[in-house]
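The lines below spell out each chain.
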Amino acid sequence: MLRAPSLRRICRLRKTGGIDLASPDVIAQGLDLLNKTCGGYCHGTEARGFKAPSLRNRSDLSVDSLHATISYGRKRAGKMMPAWKGSLPDDAIWSAVAAIVSLRNADPPGESAPKPGGH
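How each quantity is defined
- Residues numbered from 1 in each chain as written.
- Predicted model: local features only at pLDDT ≥ 70, side-chain atom pairs only at ≥ 80, totals over all residues.
- Heavy atoms only, no water.
- Helix = DSSP H or I, 4+ residues; strand = E, 2+ residues; numbered from the N terminus.
- Expected span 1.5 Å × (residues − 1).
- Buried < 20%, exposed > 50% of the residue type's maximum accessible area, 1.4 Å probe, protein only.
- Contact = heavy atoms within 4.5 Å.
- Core = buried A, V, L, I, M, F, W, Y, C linked by side-chain atoms within 4.5 Å.

Before we move on, can you summarise helix H4 (residues 90-102) with the specific residues and values?
Compared with an ideal rise of 1.5 Å per residue, which puts 13 residues at 18 Å, H4 spans 18 Å between its outermost C-alpha atoms and is within 8% of the ideal. If you check which residues of H4 are buried, you get Ala92, Ile93, Trp94, Ser95, Ala96, Val97, Ala98, Ala99 and Ile100.

Pasting the structure below:
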């Protein structure tokens with residue numbers, strides 16, 4: 001028997017431009033994008049941090065704030081993150097958000113993920 005999607009799920013999908021942030025395919029696309037676009041210089045391989053902060057275990061970053069920061073960029077304390085809106089389609093930005101959200105529990109407490117020394 002097929003179940004109708006819950007109202008909560010429908011509202012969440014509307015809020016994310018119709019992108020299912022829990023979809024393994026969307027998360028995989030987002031991780032690929034993060035590694036290719038954001039990893040080499042800024043957020044490091046597997047979002048472990050390099051010149052910019054790690055994006056792993058970041059439950060403090062809401063879905064809305066992630067989307068806004070990726071879309072419009074950010075300037076803070078002499079550091080700048082570029083705006084990707086216009087360079088990336090919105091569904092790609094949402095896939096990056098999905099990837100970051102999927103990393104919220106990437107490294108269990110007490111386990112220190114090794115921080116790469118570069119790329």
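Any chance you could break down the environment of Leu103 for me, citing the residues and the numbers?
You can see Leu103 is positioned in the segment after H4. With a relative accessible area of 9%, Leu103 lands in the buried category. Leave out the neighbours within four places in its chain, and Leu103 touches Leu31, Glu46, Ala47, Leu55, Arg56 and Asn57.

Account for the nonpolar core, with residues named and values stated.
Ranked by size, the top nonpolar core spans 23 residues in total, and within it Leu21, Leu34, Ile70, Trp94, Val97 and Ile100 carry the most contacts. Only helix H2 (24-43), helix H3 (63-72) and H4 provide two or more residues apiece to this core. By residue number, the principal contributor to this core is H4, which donates eight residues.

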